[in-house]
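# Architecture and fold: a report
Now for the letters of each chain:
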Amino acid sequence: DIQMTQSPASLSASLGETVTIECLASEDIYDILAWYQQKPGKSPQLLIYDASSLHTGVPSRFSGSGSGTQYSLKINSLQPEDFASYYCQNGLSAPRTFGSGTKLEIK
Amino acid sequence: EVQLVESGGGLVQPGRSLKLSCAASGFTFSDYYMAWVRQAPTKGLEWVASISYDGGSTYYRDSVKGRFTISRDNAKSSLYLQMDSLRSEDTATYYCTTETTGPSGYFDYWGQGVMVTVSS
């Protein structure tokens, strides 16, 4: 199975700041990577797929990048609704595996 | 608008069975692979099972193989998860999701989730 290692596990930031979350795959996943956002008590929502493509309706302050085994999610100009948990996911091979998550909190 | 509504969760004793259902609307159900993803309390996300468009192919994580069965009824736009021989480690919120296919497998739409608690 492909292991997905996310960092940091938690992150505190202020409104308007820019933050970056990292995801490391245990082997090359050829940009077949997704990012999800989960707000407390809610279901996860797809943000980004194929490492850098925004899902329908996702604001442009979210962006994804990376290649090979290293990927990142960047959120520009943090808004109140962005404080949530974020997960990366290997979409290349079965079983689909997720990172352990990053909880983004307001400073 | 895509809607996925799960039902059938609850409290069940170890070793017993439970069947989850997911009613889909707002899209052509038979055009999509479907999947179940779960999340144990305060934990991360874990893929459980997937099923092809017509139900002819099914896929499971190792820990549920032989105990869980994913199925679908395209005429009813419904997805199911039959869970047998339940264990305490199956306690989680179970989400019904659509799954993209081709070279990539992403979960693009999610239901609100249904809680399953396995405890004596």
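As shown above, the structure is provided for reference.
Below is a short write-up of the structure. (Residues numbered from 1 in each chain as written. Chains lettered and ligands numbered in written order. Predicted model: local features only at pLDDT ≥ 70, side-chain atom pairs only at ≥ 80, totals over all residues. Heavy atoms only, no water.)

We now examine unusual backbone geometry. All names here are of chain A. With an omega of -10°, the peptide bond between Ser7 and Pro8 qualifies as cis. With respect to the helices, strands and loops of the structure, Pro8 is situated in the loop between β1 (4–7) and β2 (10–13). With an omega of -5°, the peptide bond between Ala94 and Pro95 qualifies as cis. Here Pro95 shows up in the loop between β9 (85–90) and β10 (97–98). (Helix = DSSP H or I, 4+ residues; strand = E, 2+ residues; numbered from the N terminus.)

The next point concerns the pairing of strand β7 (residues 68–73) of chain B. All names here are of chain B. Burial of the side chains of β7 is restricted to one face: Phe68, Ile70 and Arg72 are buried, whereas none of Thr69, Ser71 and Asp73 on the reverse face is. Here β7 pairs with strand β8 (residues 78–83) via six bridges, running antiparallel. Paired with Ile70 across the two strands is Leu81, which belongs to β8. If you look at the hairpin formed by β7 and β8, you'll find four residues sitting between the two strands, and Ser77 has a positive phi there, around 50°. (Buried < 20%, exposed > 50% of the residue type's maximum accessible area, 1.4 Å probe, protein only. Pairing = 2+ DSSP bridges.)

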